[in-house]
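# Overview (structure and organization)
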Amino acid sequence: MLVVAYIGFGNSVCRYHLPYVERRPDTIKVKYIYRREEDRKGDEERETWYPNITFTTDIDQVMNDEEVNLVVVNTPDAFHVSYTMMALEHGKNVLCEKPFAMTAKEAAEVFAFAKEKGLVAMSNQNRRYDADMRTVRKVIESGVLGELVEIESHYDYYRPSIKDRKGFGILYGLAVHPIDQIIGQFGKPNKVVYDCRSIDNPGEADDYYDIDFFYDNGVKAIVKTSYYVKLDYPRFIVHGKKGSFLMPALGHQSAQKPKPGPIEISFDPLPEEKWGTLSYIDDEGNDITKKVPTEIGDYGIIYDNLYDVIFNHGEKIVKDEEVIEVLKIIEEGTKVAKEAK
């Protein structure tokens with residue numbers, strides 16, 4: 001059984017981890033949540049929502065507990081590497097929130113240390129298992145679109161207040177998701193073209209990006225975000241030589257207003273207006289257009305894989321080289337944004 005200790009108790013743990021872990025009582029037990037004393041003050045009530053978990057401000061209690069075999073790092077980004085290394089030094093396997101590290105070099109060093117210790121360190125690239133991405137993956141892998149030509153991925157918003165934001169970090173905090181979805185699906189590209197900048201504060205922020213990935217087989221993948229998109233835009237647009245697929249934006253859990261008590265996630269099928277639209281020419285030459293039911297998102301798949309890797313010597317679904325490639329792209333995109341005029 002995976003015996004888990006979380007480092008941190010923010011939105012990520014409560015919304016993107018615990019609701020999925022709790023559905024897997026036969027393979028996962030959450031033993032600890034570590035919080036710094038200064039983070040607990042005024043926020044103790046939330047701890048009462050999880051009576052079966054031990055909350056502690058003593059990091060040594062977590063690290064020295066031999067029963068704990070998986071530490072999940074959910075701290076601010078700057079502390080990801082230090083807590084991951086601490087856990088590895090204490091003989092714990094680690095699942096670390098994305099970005100796994102702030103540089104590709106740091107990530108490579110962590111993976112090398114984990115390998116040296118005979119432990120597993122993996123990045124929590126859970127957005128590979130979003131409902132929309134799972135649906136797109138299913139359509140692509142069905143072959144119905146024929147030879148793939150282009151895939152376009154959008155996280156768009158209408159937030160004019162972005163003009164008041166200066167500073168970098170959107171590439172690390174947001175772009176890391178769709179970039180990883182592309183790298184996870186298609187692998188390392190031959191060429192990457194960057195348009196990373198700020199609409200209002202060029203050279204001082206990274207709130208706009210359009211990153212193009214080019215592959216051997218002629219496939220082009222586009223990852224794009226703008227904070228000045230007023231009308232709804234598809235989350236994914238996929239074109240192949242036999243057809244096209246549009247996946248609508250579904251919204252995300254982070255947009256849901258919290259209420260007292262543990263966060264509850266619905267695993268019910270989505271209504272038809274949230275389904276994708278597929279249009280293609282079949283093998284008999286028929287022109288077919290139909291709706292495609294949206295898959296159910298499940299971030300717990302990451303934990304299922306970790307169980308298999310740790311206990312059955314399975315293969316990591318988020319590979320070290322993929323994490324390193326994603327960070328190289330983010331580092332370069334940030335450099336381009338800083339140089340934008």
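Data block above holds the structure.
What you see is a predicted model, and the numbers here were worked out from it, not measured in a lab.

The parallel open sheet is built from 6 strands, whose spatial order is β3-β2-β1-β4-β5-β6. With one partner strand each, in any of the chains shown, β3 (54-56) and β6 (121-123) form the two edges of the open sheet. Taken pair by pair, the neighbouring strands of this sheet meet at an average axis angle of 20°, ignoring direction. In terms of strand pairing, strand β1 (residues 2-7) meets strand β4 (residues 70-73) through 4 bridges, oriented parallel. The residue bridging Ile7 from the neighbouring strand is Val73, located in β4.

What follows deals with the pattern of salt bridges. This structure, assessed with the given rule, holds 27 salt bridges. With its nearest N and O atoms 2.8 Å apart, the salt bridge here joins Asp298 to Arg24. Of this pair, Asp298 sits in the loop between β14 (287-292) and α8 (301-312) while Arg24 sits in the loop between α1 (11-21) and β2 (28-34); the two residues are 274 residues apart in sequence, bridging distant segments of the chain. Of the two residues, Asp298 and Arg24, neither departs from the other in class, the shared state being buried. Close ionic contact of Glu47 with Arg40 constitutes a salt bridge, the shortest N to O distance being 2.6 Å. Three or more residues joined by partner-sharing salt bridges are found here, namely Arg35, Arg40, Asp43, Arg46 and Glu47.

In terms of burial, strand β9 (residues 208-214) is largely enclosed, as 6 of its 7 residues are buried. Bridge count between strand β8 (residues 191-197) and β9: 7 bridges; the pairing is antiparallel. The residue bridging Cys196 from the neighbouring strand is Tyr209, located in β9. Examined bridge by bridge, β9 and strand β10 (residues 220-225) share 6 bridges and lie antiparallel to one another. Bridging across to β10, Asp212 finds its partner in Ile222. A loop of 5 residues connects β9 with β10, the two strands running antiparallel in sequence, and Gly218 in this loop sits at a positive phi of about 90°.

Each value, and the rule that gives it
Residues numbered from 1 in each chain as written. Predicted model: local features only at pLDDT ≥ 70, side-chain atom pairs only at ≥ 80, totals over all residues. Heavy atoms only, no water. Pairing = 2+ DSSP bridges. Helix = DSSP H or I, 4+ residues; strand = E, 2+ residues; numbered from the N terminus. Axes fitted to C-alpha atoms, helices over the stretch in contact; angles between N-to-C directions. Salt bridge = Lys/Arg side-chain N within 4 Å of Asp/Glu carboxyl O. Buried < 20%, exposed > 50% of the residue type's maximum accessible area, 1.4 Å probe, protein only.

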